[in-house]
Amino acid sequence: MKKFIALLMAMMMVLALGACGNEKAGDDINAKSEGVMTYAEYAAAALDAEVTVEFFVQATQGWWFDSDAGHGKITIYGSGTMYDYLQHQTPWSSYRTTVTHVEVLSGVTSVGEYAFNDFTKLTEVTLADTVTKLGNYSFVNCSRLNSLDLGNGLVDFGFNAFQDCTSLTEVT
């Protein structure tokens, strides 16, 4: 019986290794998406130009930042749950002092811990109906946040998700 199991495991390993070589000659894993800038193009862009930055936070999610006259909007897209982050460790944390609007599109099911903490100019958040969970401290210290559209799917508010959001006046 042990020899049979060992033989079966050896065959599974051979089959698994065979699947690793399925890369096609034309596949370029470093190719950028259409309409997305490389870092060199981004760095060379005029300061007043509209810039899109794309970054994958999970295999099925991404985000972009749109600048608009010194203010900006971060849009989260894809499907599934967002990572939980440490404070100021999100891929978009460098935009904390310029973002005024955050939108989470349909397909994303959660906003991760500390995802948008200390976004000092954030005034508006829009969540799709597919978002069912807000992580702990997800919008903590967003003192200018005044408009919040929670969508229709939210059932789980993380601990202190909106702590110190002292300007919040409109929740739908």
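Residues numbered from 1 in each chain as written. Predicted model: local features only at pLDDT ≥ 70, side-chain atom pairs only at ≥ 80, totals over all residues. Heavy atoms only, no water.

Chemist: Help me understand the overall build of the protein chain in this model?
Modeler: Along the backbone of the protein chain there are two helices and 10 strands. Sequence-ordered secondary structure for the protein chain, helices as α and strands as β, is α-α-β-β-β-β-β-β-β-β-β-β. Burial status across the protein chain gives 34% buried among its 172 residues. Sequence separation of 24 or more characterises 38% of the internal contacts of the protein chain that already satisfy a separation of 6 or more. In the structure as shown, the protein chain presents an accessible area of about 10500 Å², 57% of it carried by carbon and sulfur atoms. (Helix = DSSP H or I, 4+ residues; strand = E, 2+ residues; numbered from the N terminus. Buried < 20%, exposed > 50% of the residue type's maximum accessible area, 1.4 Å probe, protein only. Contact = heavy atoms within 4.5 Å. Areas by Shrake-Rupley, 256 points an atom, 1.4 Å probe, with all protein chains shown as cover.)

Chemist: Even after reading the chapter, I still don't get the packing of aromatic side chains, so can you show me in this structure?
Modeler: Applying the stated rule across the entire model yields nine aromatic pairs. Seen from their ring centres, Tyr83 and Tyr85 are 6.4 Å apart, and the 90° between their planes marks the pair as edge-to-face. A relative accessible area of 43% places Tyr83 in the partly exposed class. What makes Tyr85 buried here is its relative accessible area of 11%. Ring centres of Phe116 and Phe119 lie 5.4 Å apart, and the angle between their planes is 75°; this geometry places the pair in the edge-to-face category. Taking relative accessible area as the criterion, Phe116 reaches 0% and is therefore assigned buried. Put simply, the rings of Tyr83, Tyr85, Trp92, Phe116, Phe119, Phe139, Phe157 and Phe162 pair up and form one aromatic cluster. (Phe/Tyr/Trp six-rings, centres within 6.5 Å; stacked < 30°, edge-to-face > 60°.)

Chemist: Looking at this structure, I do not really get the pattern of salt bridges. What am I missing?
Modeler: If charged atoms from side chains of opposite charge come close, those side chains can pair. All told, the structure shown has one salt bridge when counted by the stated rule. In this structure, Lys73 and Glu103 form a salt bridge, with 2.7 Å as the shortest nitrogen-oxygen distance. Separated by 30 residues along the polypeptide, Lys73 in strand β3 (residues 71-78) and Glu103 in strand β4 (residues 99-104) bring together distant segments of the chain. (Salt bridge = Lys/Arg side-chain N within 4 Å of Asp/Glu carboxyl O.)

Chemist: What am I meant to see in the environment of Asp84 here?
Modeler: With respect to the helices and strands, the residue Asp84 is situated in the loop between β3 and β4. Through-space distance from the C-alpha of Asp84 to that of Val111 is 7.9 Å; in sequence the pair is 27 residues apart. Residues contacting Asp84, with those up to four places away along its chain left out, are Gly112 and Glu113. In terms of polar contacts, Asp84 uses its side chain to reach the backbone amide nitrogen of Glu113, at 2.9 Å. (Polar contact = N/O pair within 3.5 Å; in protein donor to acceptor, adjacent residues only side chain to side chain.)

Chemist: For this particular structure, what's the right way to read the pairing of strand β6 (residues 124-127)?
Modeler: Every other side chain in a regular strand lies on the same face of the sheet, so the side chains alternate between the two faces. Examined bridge by bridge, β4 and β6 share four bridges and lie parallel to one another. Counterpart to Val104 in the pairing with β6 is Leu127. Examined bridge by bridge, β6 and strand β8 (residues 147-149) share three bridges and lie parallel to one another. When the sheet's bridge partners are listed, Thr126 is paired in β8 with Asp149. (Pairing = 2+ DSSP bridges.)

Chemist: What is the right way to look at the nonpolar core in this model?
Modeler: Among soluble globular proteins, nonpolar side chains are generally buried collectively. Judged by nonpolar contacts, the single largest core of 28 residues is most densely connected at Trp92, Val111, Phe116, Leu122, Phe139 and Phe162. Sort the elements by how many residues they give to this core and β4 lands first, with three residues. Setting aside residues up to four positions removed in sequence, Phe116 forms contacts with Ile74, Ile76, Trp92, Val102, Val111, Ser138, Phe139, Val140 and Cys142. (Core = buried A, V, L, I, M, F, W, Y, C linked by side-chain atoms within 4.5 Å.)

Chemist: Hey, could you run me through the side chain of Ser147 in this one?
Modeler: Among the secondary structure elements, Ser147 is positioned in strand β8. Among residues more than four places away in sequence, those in contact with Ser147 are Thr123, Glu124, Val125, Leu168 and Glu170.

Chemist: What should I look at first to understand unusual backbone geometry in this one?
Modeler: The phi dihedral of His88 falls on the positive side, at around 60°, and the residue is not glycine. With respect to the helices and strands, the residue His88 is situated in the loop between β3 and β4. Relative accessible area serves as the criterion here: at 28%, His88 is assigned to the partly exposed category.

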